Amino acid sequence: MRPCWKRKKVIETENRSIKANDAEYNAQFKYANNYISTSKYNVFTFLPKNLFEQFRRIANAYFLFLLILQLIPQISSLSPLTTVIPLVIVLAVSAIKDAADDFQRHRSDHQVNNRRSQVLRDGKLTEACWHTVVVGDIIRMENDQFVAADLMLLSSSEPNSLCYIETAELDGETNLKVRQAIPETAEMEDRLDELTQFNGEITCEPPNNILHKFEGRLDWKGATYAIDNDKILLRGCILRNTGWCYGMVVFAGRDTKLMMNSGKAKFKRTHIDRLMNTLIIGIFIFLVSICLVCTICAGIWETLVGFNFQSYLPWEDFVPGSTVATHDPGNSAKTQQGATVIAILVFFSYIIVLNTVVPISLYVSVEIIRLVHSWWINWDTKMYYAKTNTPAHSRTTTLNEELGQIEFIFSDKTGTLTQNIMTFNKCSINGVSYGDIYDLQGRPKDITEKTPRVDFSGNPYYESSFDFYDNRLLEAVNNGNPAVHKFYRLLAICHTVMPAEKDGVLEYQAQSPDEAALVGAARNFGFVFKSRTPNSITIEVLGEEETYELLCILDFNNVRKRMSVIVRKDNQILLLCKGADSTIYERLDPSCDRLKNITTTHLETFAQDGLRTLCCAVKEIDPAFYEDWKRRHHEASTSLENREDKVSDVYEEIELGMILVGATAIEDKLQDGVPECIANLANADIKIWVLTGDKQETAVNIGYSCKLLTEEMEQIFVVDGDTMETVNDQLTSARTAMLKKSSTYGTANLGFTDPASHSTGQNGAATNGSSYSLTPTIEHGSFALIINGHSLVHALKKDLEMLLLETGCLCKAVICCRVTPLQKAQVVYLVKKHRKSITLAIGDGANDVSMIKMAHIGIGISGQEGLQAVLASDYSLAQFRFLERLLLVHGRWSYLRMCKFLKYFFYKNFAFTLCHFWFAFFCGFSAQTLYDQYFITLYNVIYTSLPVMMLGVFDQDVNDEFSLRYPHLYAPGHLDLLFNRRVFARSVVEAILTSLILFFVPFGAFQEAVQPTGVDLSGYQAYGCMVASALIITVTLRCGLDTYYWTGFNHFVIWGSIIFYFIFTLIFYCAECAFVYTYAGVATALMQTANFWFTLLLTVVIILIPVLSEQFYQVDTSPTLTDKVRLQQKIGMIRKKAAVRIIRRGSTVRRSQRSVGRSGYAFAHQEGFGELITSGSIMRKVHPFRPKSKETVSKGLASSLTGLAMIPNSNGIQSTECQTTKTVHSSVHVSAPPPPSSAFAREMTSEAARRPSDAGTEEISLELQDSISNKSSDESTVHRRESTELS
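As the structure is a computational prediction, the values presented were derived from the model and not from experiment.

1. Describing the overall build of the protein
Tallying secondary structure elements over the protein gives 42 helices and 37 strands in all. Across the 1287 residues in the protein, those meeting the buried criterion constitute 52%. A separation threshold of at least 6 residues defines the contact pool for the protein, and within that pool the share at least 24 residues apart is 73%. For the protein, the exposed area adds up to about 59,500 Å²; of that, 56% sits on carbon and sulfur atoms.

2. Section: the environment of G458
Residue placement: G458 occurs in the loop between strand 17 (432–434) and helix 13 (471–478). Along the backbone, G458 and N524 are 66 residues apart, and their C-alpha atoms lie at a distance of 9.9 Å.

3. Section: the sheet that holds strand 25 (residues 611–621)
Strand order across the open sheet formed by nine strands is 17-16-26-25-24-23-22-21-20, with antiparallel pairing between neighbours. The two strands at the open ends of the sheet, each matched to only one other strand, are strand 17 and strand 20 (527–533). Averaged over all pairs of adjacent strands, the angle between their axes in this sheet comes to 30°, without regard to strand direction. Relative to strand 17, strand 16 (residues 418–429) runs antiparallel, the two sharing three bridges.

4. A short note on the pattern of salt bridges
This structure, assessed with the given rule, holds 51 salt bridges. One salt-bridge network, held together by shared partners, links R562, E586, R587, E652 and E655.

5. Concerning the packing of helix 28 (residues 882–920) against helix 33 (residues 981–1005)
Look at helix 28 against helix 33: their axes get within 7 Å of each other, and the N-to-C directions meet at 40°. By the angle class used here, helix 28 and helix 33 are oblique. Crossing of helix 28 over helix 33 shows right-handed handedness. Partitioned by chemical class, the residues of the contact of helix 28 with helix 33 number 17 nonpolar, three polar and two charged.

6. Notes on the side chain of Q405
Mapped onto the secondary structure, Q405 falls in the loop between strand 14 (393–394) and strand 15 (406–411). Ignoring sequence-local partners within four residues, the contact set of Q405 consists of H271, I272, I838, Y895, Y970, G973, H974 and D976.

7. Concerning a nonpolar patch on the surface
A cluster of nonpolar side chains, I296, I300, L304, V305, F309, Y312 and L313, forms an exposed patch at the surface whose accessible area comes to about 740 Å². Structurally, the position occupied by F309 is in the loop between helix 9 (271–304) and helix 10 (323–326).

8. Points about the nonpolar core
Grouped together as the largest cluster of nonpolar side chains are 111 residues, with contacts concentrated most on Y350, L902, Y931 and F935. Per-element accounting of this core gives the leading share, 18 residues, to helix 28. Residues within four places of L902 in sequence aside, it is in contact with I272, M276, L362, V366 and F979. Formed by 51 residues, the second largest nonpolar core is a distinct cluster that contains V133, I138, M188 and Y225.

9. Some points on the sheet that holds strand 13 (residues 244–251)
Ordered in space as 3-2-4-13-5-11, the six strands form an open sheet in which the pairing is antiparallel. Edge positions in the sheet fall to strand 3 (124–129) and strand 11 (232–233), since each has one partner strand and no second. Relative to strand 11, strand 5 (residues 150–156) runs antiparallel, the two being bridged by two bridges. When the bridges of strand 11 are listed, M152 appears paired with I232.

10. Side note on the packing of helix 9 against helix 11 (residues 335–353)
Two elements in contact, helix 9 and helix 11, have axes whose closest approach is 8 Å; the angle formed by their N-to-C orientations is 150°. Judged on the interaxial angle alone, helix 11 and helix 9 are roughly antiparallel. Our pair here, helix 9 against helix 11, has a crossing hand that is right-handed. Note on element contacts: helix 11 touches helix 9 through T335, Q336, A339, I342, A343, I344, V346, F347, Y350 and I351, opposite L287, V288, C291, L292, C294, T295, A298, G299, E302 and T303. When its residues are assigned to classes, the contact of helix 9 with helix 11 shows 14 nonpolar, five polar and one charged.

What counts, and where the lines are drawn
- Residues numbered from 1 in each chain as written.
- Predicted model: local features only at pLDDT ≥ 70, side-chain atom pairs only at ≥ 80, totals over all residues.
- Heavy atoms only, no water.
- Helix = DSSP H or I, 4+ residues; strand = E, 2+ residues; numbered from the N terminus.
- Buried < 20%, exposed > 50% of the residue type's maximum accessible area, 1.4 Å probe, protein only.
- Contact = heavy atoms within 4.5 Å.
- Areas by Shrake-Rupley, 256 points an atom, 1.4 Å probe, with all protein chains shown as cover.
- Pairing = 2+ DSSP bridges.
- Axes fitted to C-alpha atoms, helices over the stretch in contact; angles between N-to-C directions.
- Salt bridge = Lys/Arg side-chain N within 4 Å of Asp/Glu carboxyl O.
- Parallel < 35°, antiparallel > 145°, perpendicular 65-115°, else oblique.
- Left-handed = near helix turned anticlockwise from the far one by under 90°.
- Nonpolar A, V, L, I, M, F, W, Y, C, P; charged D, E, K, R; others polar.
- Patch = residues over 30% accessible without salt bridge, like charges linked within 9 Å, V, L, I, M, F, W, Y side chains within 5 Å.
- Core = buried A, V, L, I, M, F, W, Y, C linked by side-chain atoms within 4.5 Å.

Next up, the structure:
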């Protein structure tokens, strides 16, 4: 079978026509067969195609260009191996990864294409592979089988030709969905003769990727039947709870909706990636510039010196003016031409020599580091949700550091902030509110675990998990209240729930938790939904069955925001409707105005409790009007043009003039840890926008519950205008008020500025902008904005979108209510496009997919609404609260590590490369390399690769606990402080200075150096080896100075890299090596001299001491928040160790007191005064002993504990700082701590002195107090004894 996937794709624009069991007719349209191929390569195309894709990367193409230059001997002073080896390694690693991925795709394709199906051919069922199926075939499927192609359902084994499918592979939803065949085709059942003679013709829409929409019609036996999505089985679905079914293939292979949705994912690049591309261009310009400098200098040198020096350094014979070509040493006519030719060649030579400023290993190292960062996320047990056995999962490896720079979070509410497990709590029926309980005085009572529940035991269908507390509602049901009965009949009939019986228990399959909760509530109050057929619904009302003829279902969608059913019973036609209050109210009869006002009051009360509300209405329909409406509905539903709009218009006609019945209130509880998570993210200065479909009151109260909105906020602005002018006025007034109040308080400054910028404070001391107090300052001017969906329609228009953005960005939180999925994506795009900030979208349902894909980073919650959001996301989490750890820990660490990696990587490569540039001034700009060519090859691949890799993989400034405790540590990512153009420039300047020292210190030391044997050491090879050795030690130790968090791996690779370099160099350069090499014996001779080691030490010290001093100076005089928290962390570790020692000592003292005849004197921690006493040196008249008063002892104890201080963080969480004390033997007085040794210490001490202690400190303080009291008591006893003896 020829793979149709490989053919040039023909896009169908016209409606498709298909005849059943007519392969010849269908073949003329050349529809795609059912073969699929998702792989990119085959055996023959892999090498050329993969190489072509890899060389499309600018970096790889650049190094290929260098390799070509190195193959030209006239311009290359380096062996091509210096570029070939790293380039081949990079290409091989990428090719192996691509091959492994593609091999898995080949295996998957082979498995899918060779699945077996039963195809009806020549009147018989034939087992055939999937890839042989074509459009128009009729296929038989059985339970638990995958659907082979997109089919129109013809018949099934279930009553009324129902069919149950699981669509998890399509949309991630695991709940079963129902499909139903047309009654006319269902009559064929599984009779093969009738199915073989079936010759219906389907006319339908062309292939598209819309999963929840299908428009088509079937023409058969002179009649036309509408085909919609409820009659289609899509490829990838699984047949469930259905014995067998038959279907006709409509779309096959690449034309199926599954394959149409499996297009290329949008490639997301991080901010650092974009910055690196800019820097690489800048580096290349820098490289060209210094090569031009060398070119000009080479031309001058060759003109003035080189031409006359040809006896020793002859020019090439192709160079004009060469004495080799002319044999005329005095000929100078072509000097200028020859010098120009040499200068041009030198330009390309230096491009080759200096190319290591852009190392090819950089890109491989970045990808490896990102991969490991993804593993850290996947392996984090603190983001594992045991209840559902769901860990966090990084579905991409390219965006980890972006998690450390998030400024805006866009979140869904239902299922994301809440659990999406609905419970029926309250309702309003005919103006009466039910659900609250009251005391004897008529005051509402709080519901607790001890509150008695309503007893439903008289109902055989009662669910033990259903809780309700208001007995009035059950009494109204039992007393036959007609309004209450009408309300619950509506809930039991108006839905799309499917009943099923499992182990003798009635269960419901609902497409949404809301519907399940409402039908379940009706069931528990005695209105039990029992069964349904395509034409009927059966319920049981207080033990009596009632069957309604189902005439039509007007289904729910995000635009209608309501659903209706039309039923007939006893010749009465009723329309039952439930939906959002805004849509129901617009369609009510004017006679309901009074009831509407009462119900609105109840709805507002429900919404204040954070409940989700729906309104219910009913309408009696005239039979004649219904028949006319049915005809127009059939015409609209069979139309192939604008079917949705026409059907919607028909729905509108019949849903007018309804009578209000009541309203429901469902609780969707918050997930665990959501308030704390949102509060901490807000403290990290991350703005959170909630985009929800709920009504305003519900969203606002959930906002308060999850601490998105707080009472401390300056003001909450509401935008609910219905016209563009009103929305404009409301947004303008809100922005004006915010700016006015913000200017009154002044802008809040977190204190993070570029660490490179310093200013002089008022006291004249140097201050760093990144330094600020650990004490959190009250942030004034925090605002919130609430905007409704109908107002958002106007606000997102071009004239108002910037006003909306400016107003929203001034707020701490924004809540958008009643929004559609499209509006969610539009809001994200607005911020992403104009604010240039890093955005994150998080949701759990299919309606969040557009928002998730639009944001820089999308996160899916594995919740109750399936996995479609997860499948479209970059990261998946089981609970919203894990987002706090993902951003503040993993995101911040990834950003820190990547920034430090890049900063150090560029530093070490500039330092390495620029030594060639300084050497050019001493080698006549001949492009001679300073280092051995093998050293150049191995420098980035082996010698210095692992230390910087470990830095990028393991480093962390503070641990995860302090990262969460101090959310302001997240601020550098917002301000892009850790790696930017300025930081890059500082690294380059430091590298330039390093290269100068590396070059000139050994140059001076070795200028006239000799071995102890008198042999000259000032040769070029020995000098190059000396510089290379100093370079390796310097850059490796420099990496160590940048390392915050030392692991065994860090120690191993840093010290191991240095040791490996020396061992490998001694072996490789030894005089007894097996092959002839120009450097043979150089390293052995060089490293035997003291000159080498002293020069090595001197060079390294000169380079690193200023770096070390600058780091100490910054921490001491201008500490950042990170420095302060690191000190906190160290103090905490010391305190824990001290607490253990104190507890042990206290316990020992207490045991010693219980031991008769023992003295506490034996436990003194310092030398006693026995020698002074016996010598008489301190003998003086001793007054009779008087015990100290309790007040004196208490003061002594209090002063001894002044060193225990508390330093609160931004969350109010406190940690203990323990300072050592001294105890004088003659009293309980404890001397004050010594004066602080630095400004930093003074600040920490003064801050500590102002803080009260917390419970943790009290525990340690009690141990100290107990220990000091015991020791003081024992010492007092000894003192009295000694005083008596002296007397």
